[in-house]
Amino acid sequence: MTAFGISISWTVLAPIVTLSIGGLLIMIVDLLSRRASRALLYGIGVLSCAAAFATLLPLFGQSITTLGGAFVSDKFSWTFDGILLLTLAMTFLLSSLRRAEDGGSPGSYAALLIFCTIGGIVMAGANNLIIIFLGIEQLSLALYVLAGTGFPREASQEAALKYVLLGSLASGFLIFGSALLYGSAGSVGLPALASAASNPTGLFVAGFALFLVGLAFKLALVPFHTWVPDVYEGSPLAVTGFMSVAVKVAAFSILARIVYQVLGHDSVALIPLWVLAILSMLVGNLGAIPQKNLKRLLGFSSIAQAGYIVVALAGVGHSGLSTMLFYLVAYAFTTLGAFAVMALLGDGDDSYAQLDAYRGLHLRRPWPAAAMALFFFSLAGIPATAGFYGKILLLQQAFSGGAWGLAMAVALVAGTLVSFYVYGKVVWDMYSSAEGEAAQPTGNSLAPWIAVAAGAVGTLVFGILPQAFYASQPFLSAGAK
Amino acid sequence: MLIDTVIFLPLVTALALLLIPRSSTAALKGTALVGAVATFALSLTFLTLDPNVAADQSVPWISGTWLASYHVRVDSLRLFFVILTTLVSAACIWAAFSYAQIERLRGYLFLILAFETTLLGLFTAADLLLFYIYWDLMLIPVFLLLTGYSGTQAARRAAWSYLIYNGAGGLVLLLGIVALVTQTHSFEVSGIQLTLTPQVEGWIFAAFALAFLIKTPVFPFHSWMPPTYTYAPSPVVALVSGVQSKAGLFGLLAFALPVFPRAAQVWAPALLVLAVASILYGAMTAIGERDTKTLVAFSSLSHLGLVWLALFAFDITSVSASILMVVSHGLIAAALFLLLGFIEQRVGTRDLGQFNGLSLRAPRLAVFMLIAAMAALGLPGLSGFAGEFLILIGSWQTQPLYTSLALISVVLACVYMLVLFQGTMHGPERLPKPVASLELRPREMWLVAPLLAAIIFLGVWPGWLNDRTPAALAWLRDGSSANVVAQIYLRASGITSARVNSHRHVSLRAARKISIGPSIEQARPLHGELR
C-alpha cells in the first residue's frame, strides 16, 4: 500500500507491528487489571515473540526494500531479527523470578523490553542514517529505563544514571557523525554513502570517525567501555542479560552493514576498528581477572567477546558475515544461559552475583553448576561448545584479513588464554571446594529452567553440529567457500 | 563402530556412575572397573586387524567453509596408543579407589573415565578438527582432578600451571591448524599435497611443534610438569605421564611429520638440540632430586626427550622404535607412579631422606618396584632397553653427535634409578612413623601386575610391536607425501651400508627397493638386522 506517497510493504514491517501490538496489549492488560499476574503478562510477551517470529518466516531468503528505501528486509537482517527475538523470549523466561520489591510494574517492564527489541529490529533493517539513529534511540531509551527498574537499590539508580549520561553522549557523537556523513554524501541513504566512501573527503572521514565512536560506545569496545561494569552490576539481573546480548546484536547489525555495504572489509578507514578490537580482546579479558562479582565479570567478558566478533568483519563479505552471525548466536545462547543460571540460583535476585556464592556449588546444586561450567567453557572457547567453533571461524577470518587480521588473531589467542584463567577460576570455585551449605530454598518455577536448558542445548548443538546453523541459513553456506 | 564403542565406553560408564547414589561405593567401584576393563578387552580385538590395513570409519560432519568429518581410524600406529591408554586407564581407575574421599569417589571416577575417553578419541582421530577437540577437552578433567580431588594447596597451584601452559600450547596449535585449513579447506590432511610456501609451512609446523613440545614436555617447556607430576594424586599422574604425555608424540607421528616433511626437516636441528638438552637436563636434575615423584618426573623428561631425538633423526629404525619407546615409557611411568603412590600412602612422605628399607617387610613391593625401576634404567630384557637401544642405534646413523650425547643419559639413568630404588627399599628399616603393614595388598598387586607383565613381554619380544609399526610410517618412505624424508632415509640407509659392513647387502637391498617404489614391506629387512 502507499501512504504519503511512500510505498509500504507490511510484510516487511510485520514483525515490528506484531511486537508493537504485543507490547500495547501488555500495557492495556496491566492497566485494566491491576492484579494481572506476572505470568500472564510475560506469557503475552513470549507469545508475541513467537507471533513475530512467525511473521518473520515468510521473509526468509527474500530481499525487500520498503519505506522509500529506508528500511530493508534481507538475508542480512533476517538472522539478526531472529537472534533478537530469541533474546527477548529468553529474557522473559528469566525475568519470571523478579522480586516484587523490584521497582516498576511488571507490565511496564515487559512492555519496555518489547519496545527495546523493536528498536533492535529497526536497527537490523535500517538502510539510512536516520532510521539507524531512530532504532538506536528507541533501543537505548527503553534500556535506560530498564536499567533503573531495580530502583529500590541504589546501584540500579546509579546504573541508570550512568547509562543515560554516557549513552546520550554517544548518541551525540552518532548524530553529529551522521550529519557530517550526510553533508559529504548528500544523502542519508547507505547506498549513497557507499559511493561517497569510494572517494572519501575530509568531511566523510570526520563523519565516519564520529559515527564509529558512537557505535563503539554501544558495542562497548575499549576505550569506550567504561560504563559497562557499573551498569551491568547495577541493573536487574534479567536486564543485564538482555542488555549484554540485544545491544551488541543490534549494534553489530549496523556495523556489518556499514563495513560490507559502505566501506568494504579492506578499507583503510576500518583500521581504527581493528585497533579497538585488539584493545577490547586484551582489556576485556585482563579486566575480568580481579572481579569478585559475576555480573561485572560477565560485563568484562562481553567487552572481550565484542572484540572477538569484530574479527569476523576482517574477512571477505560472505564468510565474514556468516561467521559473525554464528558467533552472535553462540554468544546469545551462552550468555543468556549463564544469566539464567544466576537467576535460577539466586531465585531472581542478585544473591548469586557474588563469586563467593559459587564455592562448592556442585555439591549443593549439581545441575546448575554443570550448566554454568558449560557456559563458561563456551565463553572460553573449549571444544564441543558453540563458542569453540565460533572461535575457529573467527581465526579463519583473521587469517584472510592480511596483517591486521594476523595481529587480531594473535590478540584473540592471547585474550583467550587469559580468559582460561578467568573462567577457570569460577569453575574451580564451583568444583574444588568441599564446603557446602544447606541447600538453598529454591523457587519451583519452571521458566528459568527452560531458559537454562535452551541455552545449554543451543551451546552444545551448535558446538557439536555447527552444520545445524548453516542448514538453517542455506544462503550462508552456499557462497561461503 | 567398534572403534566408537572403545572410545565412548568409558564415557558411557562415567555417565552411568551418575545414576548410582554417591553413597553406594561398592556399586560405583564395580561399575567403573568393569567399564574400564571391558574397554581394555575390546581394544585388544584391534590386534586381530591386519597391520597393513587401517580400520577407518568416516562420517561427513561439516561442509561449507571447510570440510571436516568424524573420521576415526585404528592403524598399526594408533593401535598401540589405544591399547596403552586402555591398559593404563584400567590400572589407574582401580588404583583410584583408595585415593578419593568416600563422598567424592563418584566425581573422581567420573573424571578419570571421561579423561580416558578424550585420550582414546585423540589417539584414534584421523581428522585434525577431531584431534584438536580432544586435545583441548583433555584439559578439563585433568584440571578438575588437580583442583578438586587432591586437597593440597600445592596441587591447586600445579593445576593452574598445567591449565595455562597446556592451554597456551593448545591455542598455538589451534592457530596452526586454522592457518593450515585456511589453505587446504579441509581438516582431512593426511595424504594431501600442500601448496604452501616454505615459509608459511615452516611457521605452521612450528605452531604444531610448540604445542607438542609443551605437552610432552621437552626442555625448556617443562616447567608445568614437575609440580603436576609431584602433587597430583598418583592415579592421575600415572595417566598424565603414562598416556597424556604421548599426545604430542602422537600428533607428530600422525599429523605433523607426514604433512610437513619439508618444514620438519628445516626445524629438525633446533628440535634436536632441545631433545638432547631435555635428555641431559632431565637426567641430571633427577639425580639431585629427593622427592620420589619429582625424580620420576624428571626421568620422564629425559626419556621422552629421547623419543624426540628418535623422530627428528629421521631414521626408519629410530622412528619406528620411538613407538616402542612410547609404549614402554607409558607402562614404566604408570607403574612407577602407582607404586610410589602406594609407598606414599603407607609411609606418609615422598622424601627420599625420610625412610629406608621397605623391602624387609614388603618383599613383594620391592620386587615390583625393582622391575619398574630396572625397566626405567634400561636393563636388557625389559621394555625400556629395547626402545632405547633401537633408538640409539637408529639415530646414530644420522645424528652421531647428538646420539653420543644422549648416550650419557643411559649412565645417568642408572644413577638416579638406583638412588630411587636403594633409597626406598634397601638398608635398615627407617620410617617417619610406625606403620602396621607395608606390603602391597592383593588389589594393588593385581592392578600393577599387568603393567609389569607388559614391560617384561615387550622387553623379551620387542619385535611383536616393532614389526607392526612400519606400516604406519609409510610417510617416511612414501615418495608422494614425504619426498624429503624419503631422501634422508635413503641417505641414512647408504650410511648404514657403508659403516655396518656385516649388514651391507641387507641395507643396500632395502635402499634399492625403496627407490623403486613405496611398499609396506620395505622396512622389514632393516628390522631383521636388528633383531
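Quick note: structure is the one above.
Please read these numbers as outputs of a predicted model, since none were measured by experiment. By convention here, each chain's residues receive numbers from 1 onward along its written sequence. Chains carry letters from A onward and ligands carry numbers from 1 onward, assigned in written order. Residues qualify for local features only when their pLDDT is at least 70, as the model is predicted, and side-chain atom pairs are given and counted only at 80 or more; totals for whole chains, interfaces and linings, by contrast, use all residues. To get the side-chain values, all heavy atoms of the structure are used, and hydrogens and water are removed first.

Q: Explain unusual backbone geometry to me, please; I cannot follow it from the model alone.
A: Glycine aside, negative phi is the norm for most residues, and most peptide bonds take the trans geometry. Here Val222(A) and Pro223(A) are connected by a cis peptide whose omega angle stands at 5°. Put simply, DSSP H or I for four residues or longer makes a helix, DSSP E for two residues or longer makes a strand, and each gets a number counted from the N terminus. Looking at the secondary structure, you find Pro223(A) in the loop between helix 8 (202-219) and helix 9 (228-234). Residues Thr216(B) and Pro217(B) are joined by a peptide bond in cis, for which omega reads -15°. Along the chain, Pro217(B) turns up in the loop between helix 8 (198-215) and helix 9 (225-231). Positive phi, normally seen in glycine, also occurs at Ala220(A), with a value near 60°. Tracing the sequence through the fold places Ala220(A) in the loop between helix 8 and helix 9. For Ala220(A), a relative accessible area of 0% corresponds to the buried category. With a phi angle near 50°, Phe314(B) is a residue other than glycine that sits in the positive phi range. Locating Phe314(B) in the fold gives a position in the loop between helix 13 (292-312) and helix 14 (316-347). The cut-offs for exposure are 20% and 50% of the maximum accessible area for each residue type, with area from a 1.4 Å probe on protein chains only; residues under the lower value are buried, those over the upper are exposed, and the others partly exposed.

Q: Just checking my understanding: could you explain a nonpolar patch on the surface for this structure?
A: Residue and element names in this part refer to chain A. A contiguous nonpolar surface patch, about 540 Å² in accessible area, is contributed by Leu24, Met27, Ile28, Leu31 and Leu32. Residue placement: Leu32 occurs in helix 1 (residues 10-32). The exposure class of Leu32 is exposed, given its relative accessible area of 71%. Each patch is built from salt-bridge-free residues with over 30% relative accessible area, joining like charges within 9 Å and nonpolar side chains (Val, Leu, Ile, Met, Phe, Trp, Tyr) within 5 Å. The Shrake-Rupley method, run with a 1.4 Å probe sphere, supplies the accessible areas, and residue values consider only the shown protein chains as cover. Each reported salt bridge corresponds to a side-chain nitrogen of Lys or Arg within 4 Å of a carboxyl oxygen of Asp or Glu.

Q: Got a minute to help me understand the pattern of salt bridges in this structure?
A: Any two side chains of opposite charge can pair if their charged atoms end up close together. This model, assessed by the stated rule, comprises 18 salt bridges over all chains. In this structure, Arg359(A) and Asp429(A) form a salt bridge, with 3.9 Å as the shortest nitrogen-oxygen distance. You can see Arg359(A) sitting in the loop between helix 13 (317-346) and helix 14 (361-364) and its partner Asp429(A) sitting in helix 17 (residues 402-432), a full 70 residues away along the chain. For Asp75(B), the salt bridge identified is with Arg78(B), shortest N-O distance 3.0 Å. On the basis of relative accessible area, Asp75(B) is assigned to the buried category, the value being 14%. Classification of Arg78(B) by relative accessible area gives buried; the value is 3%.

Q: How do you make sense of the interface of chain A and chain B when you look at a structure like this?
A: Reports of interface size often rely on the accessible area that becomes lost once the parts have come together. Each partner contributes to the interface: chain A provides 33 residues, whereas chain B provides 33 residues. Summed over both partners, the accessible surface that disappears when two parts come together, traced with a 1.4 Å probe, is what is meant by buried area. Interface area for chain A against chain B, summed over the two sides, is near 3,200 Å², with a carbon-plus-sulfur share of 76%. Joining chain A to chain B, the criterion identifies zero salt bridges. Contacts described as polar in this section are N or O atom pairs within 3.5 Å, which, within protein, must combine one atom able to donate a hydrogen with one able to accept it, while residues neighboring in sequence count only if both atoms come from side chains. Between chain A and chain B we count two residue pairs in polar contact (both at pLDDT 80 or more) in total. In the scheme used here, Gly and all other residues not listed as nonpolar or charged are polar, with Ala, Val, Leu, Ile, Met, Phe, Trp, Tyr, Cys and Pro taken as nonpolar and Asp, Glu, Lys and Arg as charged. Of the residues assigned to the side of chain A that touches chain B, the class counts are 24 nonpolar, seven polar and two charged. What makes two residues a contact is simply this: any of their non-hydrogen atoms within 4.5 Å.

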